[in-house]
Amino acid sequence: MILRQSLAIVPEIHSVDVNVGRSAIEVTARHDVADQVRLACSVAGVYYRTRVGVSSRP
């Protein structure tokens, strides 16, 4: 998948989970990577919509 490959090259992103059935991706990162995700979505030709959740994990 182009989107997963595009996000894999961003060093701040630790993991990417793609759920095709829900049309959603979950990105785990220590810092805000919204700009990088937006760019990757643009490259992949998909619509960018966000819902940010902050984890309690250190």
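Use the structure listed above.
Anyway, here's the lowdown on the structure attached to this text. (Residues numbered from 1 in each chain as written. Predicted model: local features only at pLDDT ≥ 70, side-chain atom pairs only at ≥ 80, totals over all residues. Heavy atoms only, no water.)

1. Section: the overall build of the chain
Assigned secondary structure in the chain consists of 2 helices and 2 strands. In sequence order, the secondary structure elements of the chain are arranged as α-β-β-α. In the chain, buried positions account for 19% of the 58 residues. Here the analysis covers contacts within the chain between residues at least 6 apart in sequence; of these, 30% occur between residues at least 24 apart. Surface summary for the chain: the accessible area is close to 4,900 Å², and the carbon and sulfur share equals 51%. (Helix = DSSP H or I, 4+ residues; strand = E, 2+ residues; numbered from the N terminus. Buried < 20%, exposed > 50% of the residue type's maximum accessible area, 1.4 Å probe, protein only. Contact = heavy atoms within 4.5 Å. Areas by Shrake-Rupley, 256 points an atom, 1.4 Å probe, with all protein chains shown as cover.)

2. What to know about a nonpolar patch on the surface
The grouping of Ile-2, Leu-39 and Val-43 at the surface amounts to a nonpolar patch, some 310 Å² of accessible area in total. As for its placement among the helices and strands, Ile-2 is situated in helix H1 (residues 2-8). (Patch = residues over 30% accessible without salt bridge, like charges linked within 9 Å, V, L, I, M, F, W, Y side chains within 5 Å. Salt bridge = Lys/Arg side-chain N within 4 Å of Asp/Glu carboxyl O.)

3. Digging into the nonpolar core
Core analysis: the biggest nonpolar cluster contains 10 residues, these being Leu-3, Leu-7, Val-10, Ile-13, Val-16, Val-18, Val-33, Val-37, Ala-40 and Cys-41. Within the residue set of this core, elements represented by two or more residues are H1, strand E1 (13-19) and helix H2 (34-44). Setting aside chain neighbours within four positions, we find Leu-7 in contact with Ile-13, Val-16, Ile-25, Val-27, Gln-36, Val-37 and Ala-40. (Core = buried A, V, L, I, M, F, W, Y, C linked by side-chain atoms within 4.5 Å.)

4. Some thoughts on the pattern of salt bridges
All chains considered together, the criterion is met by 1 salt bridge. Between Asp-35 and Arg-38 there is a salt bridge, with its nearest N and O atoms 3.0 Å apart. Remark: Arg-38 and Asp-35 occur in helix H2; sequence separation between them is 3 residues, near one turn of the helix. By relative accessible area, which is 55% here, Asp-35 ends up exposed.

5. Digging into the environment of Leu-39
Relative to the elements of secondary structure, Leu-39 occurs in helix H2. Given a relative accessible area of 56%, Leu-39 falls into the exposed group. Note: C-alpha distance between Leu-39 and Leu-3 (36 residues apart in sequence) is 9.8 Å.

In short, geometric facts, not functional conclusions.
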